[in-house]
Amino acid sequence: MESFNGTCLNSASTGLTQLLFSHLLSTLTQSYCDLSTVYPDDRSAEIIQSNDEFDFIVVGAGSAGSAVANRLSEISSWKVLLIEAGPDPPLESDIPSLFLSLLGSKYDWKYKVEKSEKSCRSTIDNQCLWPRGKVLGGCSSINALQYVRGNAKDYDNWESLGNPGWDYENVLKYFKKLESAKVESMEKEAHGYEGYMNVENFQDGDLIGNKFNKKLLVKLYQELGLPFVRDMNAKQKSGITMVPGTVKNGVRWNTAKAYLAPIKDRKNLSIMKETVVTKILIDDNKKVYGVEIFRNNIYKKIIAKKEVVLTAGAVNSPQLLMLSGIGPRDHLKDLNIPLINDLKVGYNLQDHIFTINSFIKIVSREFKEISPLDLFYSYLTKKTELGSMFLLDMMTFVDTQNKTDDYPDIQILHLSHPVKNDGLRVYLQTANLPTELIEKFEKENEKHHLIQILPILLRPKSSGRIMLQSNNPFDQPKIISGYLTESDDITTLIRGIKLIRNLSSTKAFRSCCELIEFQPLNDCKNLKPSTDEYFECIIRNFAQTVYHPVGTCKMGPKNDKDAVVDARLKVYGVKGLRVADTSIMPKIVNGNTNIPAIMIGEKAADLIKEDWIDQSKHTEL
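First, a word on what this report is: a plain description of the structure on this page. (Residues numbered from 1 in each chain as written. Predicted model: local features only at pLDDT ≥ 70, side-chain atom pairs only at ≥ 80, totals over all residues. Heavy atoms only, no water.)

**Looking at the overall build of the chain**
And then number 1: Along its length, the chain carries 17 helices and 26 strands.
And then number 2: Compactness check: the chain gives a C-alpha radius of gyration of 24 Å against a globular reference of 25 Å for 621 residues, within 12% of the reference.
And then number 3: Along the first, second and third principal axes, the C-alpha atoms of the chain reach 70 × 55 × 50 Å.
And then number 4: Counting all 621 residues of the chain, 63% fall into the buried class.
And then number 5: Contacts in the chain between residues far apart in sequence, at least 24 positions, make up 73% of those at least 6 positions apart.
And then number 6: About 23600 Å² of surface is accessible on the chain, with carbon and sulfur atoms providing 46% of the total.
And then number 7: Between the averaged position of the 77 positive side-chain charges in the chain and that of its 77 negative side-chain charges there is a distance of 1 Å. (Helix = DSSP H or I, 4+ residues; strand = E, 2+ residues; numbered from the N terminus. Rg over C-alpha atoms; globule rule 2.2 N^0.38 Å. Buried < 20%, exposed > 50% of the residue type's maximum accessible area, 1.4 Å probe, protein only. Contact = heavy atoms within 4.5 Å. Areas by Shrake-Rupley, 256 points an atom, 1.4 Å probe, with all protein chains shown as cover. Lys, Arg positive; Asp, Glu negative; His and termini not counted. Charge placed at Lys NZ, Arg CZ, Asp CG, Glu CD.)

Structure representation (structure tokens):
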């Protein structure tokens, strides 16, 4: 099966996705959908043939990098180069619910974590998959589009660790700056309305019963004492909330559309696509002067007169630093990489994980079987159903220890799986679960509508590490997830599972539903159900990434032995090099990481401007 631009899609995308990608899709979308974004031209061939030099080179056109490149190129006298390893997003990226079809495709780096006995036990080969965007817009082009900032305490904690200017009051202005909010329920003073990132509610329809699902979920959590929260992004606290999305009129609004498409004719910004940066160029005085790139079997050095800014993400930014001689001394010595500076690059890896085995089976109501073409027609004409078909725009935050500090430790997502729909199979395949387990569960529940409940560990104590496999830049890095190496993480997730089980004791639940779970093929059969030992077994089998890796180029003061960058995002021990993406987070935030990544990009651009210009002497475009 082929996508619109002729590239092969993930083999897991069957059934629904195959029908959607028929000739009907390619013809009708142009009539009914505004999906034809004009991205900036690729100047790779021209730049390879020239001797162009740039003031700034930004490596990675993802969530942060697109923002950095836009804001730096506002200074008309600066020449800015943005380099991206992937191509433009495909048309199917624009339909929110089709994001699963992009996982494992050419738009994904297709990483896998190293095997561990402590986690991912029920996955094929004991390896969890780690999708990362390899496409203009990065993960914002393949993610689930949820607009979540995190908790104010996250950023106040960053500053308390020795990072001045990163407290919530300071970063809030960048959250406001990036967004163009169009949600009536938002608290107006907490949001921005003139930014590049469009924020709207997902369009609502009821072909597959999602209105029923949402009302049910609100009742269930309210019976447990959790209120409905009007705007979780204004002040995160325990409760259930409607989550807006990075969408515009029902269509994905990634950072490539938001930050790059509007400035495609800006003369001082150049973009290279499908181009891999293989090395940062550093002279004998430890001054960065450019990058080495590879494209179409050609290596070339490109000069940066002021700075190189790494915005390649929590995997690729540390990988590139280490390939360039900035990293742990012993690790680089083992790989025969000459040392430039001994820093704890790749350490402090943190990620959100959730367990994926709990489902609400709705037995009190008949749900009509809807054909994929019905769903597609609804999307084309109303932007409903496919806009939020799988991932319900309902999210719950809860403090499972019942503290009073408004700092939840579990986040809960909800996925809708309609009757006899391939969405469940596709989702479980992207989780790398074995076919035998998927088919057994699917057969037992094919006649029922399911809501999947996913408790997320918000503040993991376990940490992992990114390492190099070799000194070859084209070898994927070694990802040691570190999942569940700390017992407190197990304890918190067990509390999350017990909370979900408590839903079944509510009056609203008993009137309509059953709680079902799928079981590991072997591991937990001999354990007594509903014991903490049993729950731990379930967690070690079914905990998965929520695609939020951070922390591998930690921001911290000079006396922090684990810090890689300072509070101005400058890499210690070298000149002319910064990192500006989620890898700089000293601690992971209490929620999804895409919007914080854009905030980091916005703030980084201002830090760079402050260091290089007298604002009164320059005009902005």
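Continuing now.
**Side note on the layout of surface pockets**
And then number 1: What the second largest pocket holds in volume is close to 430 Å³.
And then number 2: When residues of the lining of the second largest pocket are traced back to their parent elements, those giving at least two are α5 (152–160) and α14 (487–503).
And then number 3: In terms of residue count, the dominant contributor to the lining of the second largest pocket is α14 (5 residues).
And then number 4: When the residues that make up the lining of the second largest pocket are grouped by side-chain class, the tally is 5 nonpolar, 5 polar and 11 charged. (1 Å grid on protein atoms, 1.4 Å probe; cavity = no way out; pocket = protein on both sides within 12 Å on 5 of 7 lines; lining within 4 Å. Points joined across faces, edges and corners; volume = space filled by probe spheres on them. Nonpolar A, V, L, I, M, F, W, Y, C, P; charged D, E, K, R; others polar.)

**Here's the deal with the state of the cysteines**
And then number 1: Tallied over the entire structure, the rule returns 3 disulfides.
And then number 2: There is a disulfide in this structure between C120 and C128, and the S-S distance comes to 2.0 Å. The disulfide joining C120 to C128 has a torsion of about -110° about its S-S bond and is therefore left-handed. The same class applies to C120 as to C128, namely buried.
And then number 3: Each sulfur of the disulfide joining C524 and C537 lies 2.0 Å from the other. (Disulfide = S-S within 2.5 Å.)

**With respect to empty space enclosed by the protein**
And then number 1: Scanning the entire structure with this criterion turns up 7 cavities of 30 Å³ or more.
And then number 2: Together, 19 residues line the largest cavity, and M232, N233, T241, M242 and P244 are the ones closest to its centre.
And then number 3: Only β8 (239–242) and β19 (394–398) provide two or more residues apiece to the lining of the largest cavity.
And then number 4: Residues that form the lining of the largest cavity fall into these classes: 10 nonpolar, 6 polar and 3 charged.

**Some details on the packing of aromatic side chains**
And then number 1: Taken as a whole and judged by the stated rule, the model has 16 aromatic pairs.
And then number 2: By the ring-pair criterion, three or more aromatic residues cluster together here, those being Y155, W158, W166, Y168 and F175.
And then number 3: Here the basic side chain of K79 rests over the ring of F54, its NZ or CZ set 5.0 Å away from the ring centre.
And then number 4: A cation over an aromatic ring shows up here: R459 above the ring of Y407, its NZ or CZ 3.8 Å from the ring centre. (Phe/Tyr/Trp six-rings, centres within 6.5 Å; stacked < 30°, edge-to-face > 60°. Lys NZ or Arg CZ within 6 Å of the ring centre and 35° of its normal.)

**With respect to the pattern of salt bridges**
And then number 1: By the definition in use, this model includes 32 salt bridges.
And then number 2: Residue K461 is joined to D488 by a salt bridge in which the shortest nitrogen-to-oxygen separation is 2.7 Å. Of the two residues, K461 is situated in the loop between β21 (449–457) and β22 (465–467) and D488 in helix α14; the sequence distance between them amounts to 27 residues.
And then number 3: Judged by its relative accessible area of 55%, K461 falls in the exposed class. (Salt bridge = Lys/Arg side-chain N within 4 Å of Asp/Glu carboxyl O.)

**Details of the side chain of D154**
And then number 1: Within the fold, D154 resides in helix α5.
And then number 2: R459 provides the closest opposite charge to the buried, salt-bridge-free D154, at an N-O distance of 5.7 Å.
And then number 3: For D154, the side chain forms a polar contact with the main-chain nitrogen of N151, separated by 2.8 Å.
And then number 4: Other than its neighbours up to four places away in sequence, D154 contacts Y407, I588, V589 and N590. (Polar contact = N/O pair within 3.5 Å; in protein donor to acceptor, adjacent residues only side chain to side chain.)

**What to know about helix α13 (residues 435–444)**
And then number 1: Here α13 has its buried residues at L437, I438, F441 and E442. Buried residues of α13, viewed axially, fall in a sector of 125°; they line one side. Set apart from the buried face of α13 by more than 90 degrees, the exposed residues are E436, K440 and K443. (Arc of directions from axis to C-beta.)

**Some thoughts on unusual backbone geometry**
And then number 1: Even without glycine at this site, N126 takes up a positive phi of about 55°.
And then number 2: Inspection of the secondary structure puts N126 in the loop between β3 (111–112) and β4 (129–130).
And then number 3: Positive phi values are uncommon outside glycine, yet L569 reaches one of about 70°.
And then number 4: Along the polypeptide, L569 turns up in the loop between β25 (543–545) and β26 (577–579).

**Thoughts on the packing of α14 against helix α16 (residues 532–542)**
When two helices pack together, their arrangement is given by the angle between the helix axes and by the axis-to-axis distance.
And then number 1: Contact pair α14 / α16: the axes reach a minimum separation of 10 Å and the direction vectors enclose 100°. The angle between the axes of α14 and α16 places the two elements in the roughly perpendicular class. Across from I490, L493, I494, I497, K498 and R501 in α14, the residues of α16 making contact are D532, Y534, F535, E536, I539 and R540.
And then number 2: Here the contact of α14 with α16 is composed, by residue class, of 7 nonpolar, no polar and 5 charged. (Axes fitted to C-alpha atoms, helices over the stretch in contact; angles between N-to-C directions. Parallel < 35°, antiparallel > 145°, perpendicular 65-115°, else oblique.)

**Some points on the pairing of β8**
Where a strand is regular, its side chains alternate between the two sheet faces.
And then number 1: One ladder, built from 2 bridges, connects strand β7 (residues 228–229) with β8; its direction is parallel. Directly across from F228, in β8, lies its bridge partner I240.
And then number 2: With 4 bridges connecting them, β8 and β19 associate as antiparallel partners. In the sheet register, G239 faces β19, and the bridge partner there is F397. (Pairing = 2+ DSSP bridges.)

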